[in-house]
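Understanding the architecture of this molecule
Residue-level listing of the chains:
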Amino acid sequence: MTAKKSAASAKKSTAAGKAATARTAAAAQAGKTAPAEIHLAQNPDADELLGRSPLAALVGMLLDQQVPMEWAFTGPYTIAERLGRDDLDAHEIAAYDPEAFTELFKTKPAVHRYPGSMAQRVQQLCQYLVDEYDGDATALWSEVKDGKELLARLKALPGYGEQKAKIFVAVLGKRYGVTPKGWREAAGSYGDKDSYRSAADITGPESLAKVRAFKQEAKAAAKAAKAAK
């Protein structure tokens, strides 16, 4: 990157940062962030961000693939810290220089095992939120009529398949108090009470261990079934 391009990027980043800070403050004043007690990252600072930032929760869920859950959900905090912010802003991330954003992901400790592809997916997610919801993650669920509609909206997000969307419906219902009519049904088995299947069921180290054990058992069973064919 040339010195001229670097200076331009820095100037653009500063302006975007000021706008991001203003948007975050406005959202907080409007009551759009309802703090929740979250233990997905098993890191106090990262979990605190997840508890008050809907976008951080969405990004953490997106990153939750092919890496340990704690690594994935620490990602949003790492991104915010490297951007010099106390929260994520969809407008800023969507407009960020892709090359620079990828480098932000690659810096050790890396945000993800596959920093290049996941940086791209996070930017795609944020661009979709900007285009469809003016960058407001809470708009995904604030006015849905039922769980079915919520699931459909989540499935439409870049990087979210049906399983990930169902898990996030359960995360919203169990951890964030977002409970539209029929949300448990929309979440499928992830919406079951007193279960330990996914991120939605984690309240601390003990439940994390139970969820991890469930996943390992399910993986072993699937492997055995495949071998038996």
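Report on the accompanying structure. Remember, it's a predicted structure, so these values are computed and weren't measured experimentally.

1. Description of the packing of helix H6 (residues 98-106) against helix H7 (residues 115-133)
Contact pair H6 / H7: the axes reach a minimum separation of 9 Å and the direction vectors enclose 125 degrees. Taken as axis vectors, H6 and H7 run oblique relative to one another. Along this stretch, H6 crosses H7, giving a crossing that reads as right-handed. Residue-level inspection shows Pro-98, Phe-101, Thr-102, Phe-105 and Lys-106 of H6 in contact with H7, the latter providing Pro-115, Gly-116, Met-118, Ala-119, Val-122 and Gln-123. When the residues that make up the contact of H6 with H7 are grouped by side-chain class, the tally is seven nonpolar, three polar and one charged.

2. Considerations on the environment of Trp-183
Take Trp-183: it is sitting in helix H10 (residues 183-187). The class for Trp-183 is buried, based on a relative accessible area of 9%. Each C-alpha atom, one on Trp-183 and one on Asp-146, is 6.8 Å from the other, the two residues being 37 residues apart in sequence. Non-local contacts of Trp-183, meaning those with residues more than four positions away in its chain, are made with Gly-147, Val-169, Ala-170, Gly-173, Lys-174 and Gly-191.

3. As for the packing of aromatic side chains
According to the stated counting rule, one finds four aromatic pairs in the structure shown. For the pair Phe-101 and Phe-105, a centre-to-centre distance of 5.1 Å together with 50 degrees between the ring planes defines the contact as tilted. Placement of both Phe-101 and Phe-105 in helix H6 is noted, with a separation of four residues, approximately one turn of the helix. Take Phe-101: its relative accessible area is 0%, and that puts it in the buried class. In this structure an aromatic cluster arises from ring pairing among Tyr-96, Phe-101 and Phe-105.

4. Let's talk about the side chain of Ser-195
Checked against the element boundaries, Ser-195 lands in the loop between H10 and helix H11 (205-228). Reaching out from Ser-195, the side chain makes a polar contact with the backbone oxygen of Asp-192 at a distance of 3.0 Å. Apart from the residues lying within four places of it in its own chain, the contact partners of Ser-195 are Lys-174, Ser-189 and Asp-201.

5. Points about the pattern of salt bridges
Within this structure, the stated rule accounts for eight salt bridges. The closest approach of N and O atoms between Glu-48 and Arg-52, which form a salt bridge, is 2.8 Å. Linking Glu-48 with Arg-52, this pair stays in helix H2 (residues 44-52), spanning four residues, or about one helical turn. Measuring nitrogen to oxygen at the nearest pair gives 3.3 Å for the salt bridge that ties Glu-149 to Arg-153. Of this pair, Glu-149 and Arg-153 both sit in helix H8 (residues 147-155), four residues apart, which is roughly one turn of the helix. The network of salt bridges with common partners includes Lys-155, Glu-162 and Lys-166.

The rules behind these values
Residues numbered from 1 in each chain as written. Predicted model: local features only at pLDDT ≥ 70, side-chain atom pairs only at ≥ 80, totals over all residues. Heavy atoms only, no water. Axes fitted to C-alpha atoms, helices over the stretch in contact; angles between N-to-C directions. Helix = DSSP H or I, 4+ residues; strand = E, 2+ residues; numbered from the N terminus. Parallel < 35°, antiparallel > 145°, perpendicular 65-115°, else oblique. Left-handed = near helix turned anticlockwise from the far one by under 90°. Contact = heavy atoms within 4.5 Å. Nonpolar A, V, L, I, M, F, W, Y, C, P; charged D, E, K, R; others polar. Buried < 20%, exposed > 50% of the residue type's maximum accessible area, 1.4 Å probe, protein only. Phe/Tyr/Trp six-rings, centres within 6.5 Å; stacked < 30°, edge-to-face > 60°. Polar contact = N/O pair within 3.5 Å; in protein donor to acceptor, adjacent residues only side chain to side chain. Salt bridge = Lys/Arg side-chain N within 4 Å of Asp/Glu carboxyl O.

Note that all results are geometric; they support no functional claim without further evidence.
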